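# Examination of the molecular architecture
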Amino acid sequence: MLLLSGCSATAHPHAALHQVRIAQFKFVPPALQVAPGDTVEWSNQDILPHTTTATSGHWDSGSVAPGATWRQVMTQRGVESYACRFHPTMLGSIEVR
Amino acid sequence: MSPIRRVTTLFATLFLVAAVSSCAKKTETTENTSATPAGPDTSTSATPAPATTMTDGNIAAIVVAANDVDVKAGELAKSTSKNSKVKAFAEQMITDHTSVNKQASDLAKRVNLTPEDNEASKQLKSNGDAMRDTLKTRKGAEFDKAYIDNEVAYHEAVLSMIDNTLIPGAQNADLKSLLQNVRPAFAAHLEHAKQVQQSLATK
């Protein structure tokens, strides 16, 4: 199940929170390894809106405004690549294992 | 070289940088703030003039003009192109450059900075008009190629101007910070434009 921010009640009690900064039109770090049930939080530190959008369609944040954050609980094992829909040269990946 | 290629190259690499060069030189003669001896005439070269000759008002006006030019080009492409990648790129240029201009305008008000129209900003506008007039004579794939080729050259030229003239020349810390924060957007736009350019070339 995919959940948006504020839905941490469904996460595993020992689940971790991982941070990805969106800065200088890059995802930092660009690649991340997490455990099932962990949450990834993207924070937009740029001056323009971005999205975090899974290539598979697994998640799509919609527009994340400058200064805003967006969270996703990662449940499905495997490697998921993602990009910013607005700026398609911005790429990242999440490995759930 | 085709006519449209000549226009895009002329617009993006000659007019843009030469305009800034020219503006800076004129200021240099009146303010004499640079210790660098006068060199050969570089008004048609890609070498930007010394940054210290630009005022913050000059820089603010150039930023606004540069963004306006790309917004207007994007609006033309959005209404003309039938290619989904070109249209998506154009729409993003409209969105991003409009936002940057709003931030520049808000900043100018906040720090009481009045954009000072100058030769560079005026040339940016007039040559942007000329570029769009030329694009309006193109249709279909020819239009798409001309628009995207220009976007690649334009963003390369603006990046050069940001790095060599605008950021080094900005005196106000907030203006300098805005330029530094805007730079990655132009770099991302350039890569996006190259991506679309490549997709057009392989069709």
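As the structure is a prediction and not an experimental result, all values here were calculated from the model.

To continue, consider the overall build of chain B. If you tally the helices and strands in chain B, you get six helices and zero strands. Going residue by residue from the N terminus, the α and β elements of chain B occur as α-α-α-α-α-α. Within the span of chain B, comprising 203 residues, buried residues form 44% of the whole. Taking all contacts inside chain B whose residues are at least 6 apart in sequence as the whole, residues at least 24 apart take part in 82%.

With that settled, the discussion passes to the sheet that holds strand E8 (residues 91-96) of chain A. All names here are of chain A. Judged by pairing direction, the sheet is mixed, and its four strands sit side by side in the order E3-E8-E7-E5 without closing on themselves. With one partner strand each, in any of the chains shown, strand E3 (31-34) and strand E5 (53-54) form the two edges of the open sheet. Strand direction decides the pairing type here: strand E7 (residues 78-83) and E8, joined by six bridges, are antiparallel. Its bridge partner lying in E8, Glu80 is registered against Ile94.

Residue and element names in this part refer to chain B. Packing of helix H5 (residues 140-169) against helix H6 (residues 173-201) leaves a shortest axis separation of 9 Å and a crossing angle of 155°. Between H5 and H6, the interaxial angle falls into the category roughly antiparallel. Two packed elements cross with a definite hand, and for H5 against H6 that hand is left-handed.

To summarise the sheet geometry, strands pair through backbone hydrogen bonds and adopt either a parallel or an antiparallel arrangement. All names here are of chain A. Read across the sheet, four strands follow the order E2-E1-E4-E6 without closing on themselves; strand pairing throughout is mixed. Only two strands of the sheet have a single partner each, and these edge strands are strand E2 (26-28) and strand E6 (69-73). Along the sheet, successive strands turn relative to each other by an average axial angle of 25°, direction set aside.

Before going further, it helps to examine the interface of chain B and chain A. The partner chain A presents nine residues to the 13 residues of chain B that form the contact. When residues of the side of chain B that touches chain A are traced back to their parent elements, those giving at least two are helix H3 (84-110) and H6 of chain B. Broken down by element, the residue count for the side of chain B that touches chain A peaks at nine residues, all from H6 of chain B.

This part takes up the environment of Ile62 of chain B. Locating Ile62 of chain B in the fold gives a position in helix H2 (residues 56-80). Counting along the chain gives 32 residues from Ile62 of chain B to Ile94 of chain B, while the straight-line C-alpha distance between them is 17 Å.

As a further point, take the pairing of E7 of chain A. For a regular strand, side-chain orientation follows a simple rule: the groups alternate between the two sheet faces. Bridging between E5 of chain A and E7 of chain A involves two bridges; their strand directions are antiparallel. Residue pairing across strands places Thr53 of chain A opposite Ala83 of chain A, the latter belonging to E7 of chain A.

Another point: the packing of H3 of chain B against H6 of chain B. All names here are of chain B. Two elements in contact, H3 and H6, have axes separated by 11 Å at closest approach and are oriented at 175°. Between H3 and H6, the crossing angle belongs to the class labelled roughly antiparallel. Contact residues: H3 offers Lys85, Val86, Phe89, Met93, Asp96, Val100, Gln103, Ala104 and Leu107, while H6 offers Asp174, Leu175, Leu178, Val182, Ala185, His189, His192, Ala193, Val196 and Ser199. Tallied by class, the residues present in the contact of H3 with H6 amount to 12 nonpolar, four polar and three charged.

What follows is about unusual backbone geometry. Leave glycine aside and you will find that most residues have negative phi; peptide bonds, for their part, are mostly trans. All names here are of chain A. Omega for the bond connecting Val28 with Pro29 falls within 30 degrees of zero, at 0°, which places this linkage in the cis form. Within the fold, Pro29 resides in the loop between E2 and E3. At Gln24, a residue that is not glycine, the phi angle is positive and equals roughly 55°. As for its placement among the helices and strands, Gln24 is situated in the loop between strand E1 (17-23) and E2. For Phe25, which is not a glycine, the phi torsion comes out positive at approximately 60°. Inspection of the secondary structure assignment puts Phe25 in the loop between E1 and E2.

Analysis parameters
Residues numbered from 1 in each chain as written. Chains lettered and ligands numbered in written order. Predicted model: local features only at pLDDT ≥ 70, side-chain atom pairs only at ≥ 80, totals over all residues. Helix = DSSP H or I, 4+ residues; strand = E, 2+ residues; numbered from the N terminus. Buried ≥ 20, exposed ≤ 12 C-beta atoms within 10 Å, placed from the backbone. Contact = placed C-beta atoms within 7 Å. Pairing = 2+ DSSP bridges. Axes fitted to C-alpha atoms, helices over the stretch in contact; angles between N-to-C directions. Parallel < 35°, antiparallel > 145°, perpendicular 65-115°, else oblique. Left-handed = near helix turned anticlockwise from the far one by under 90°. Nonpolar A, V, L, I, M, F, W, Y, C, P; charged D, E, K, R; others polar.

So, to be careful, I would describe these as geometric facts and stop short of saying anything about function.
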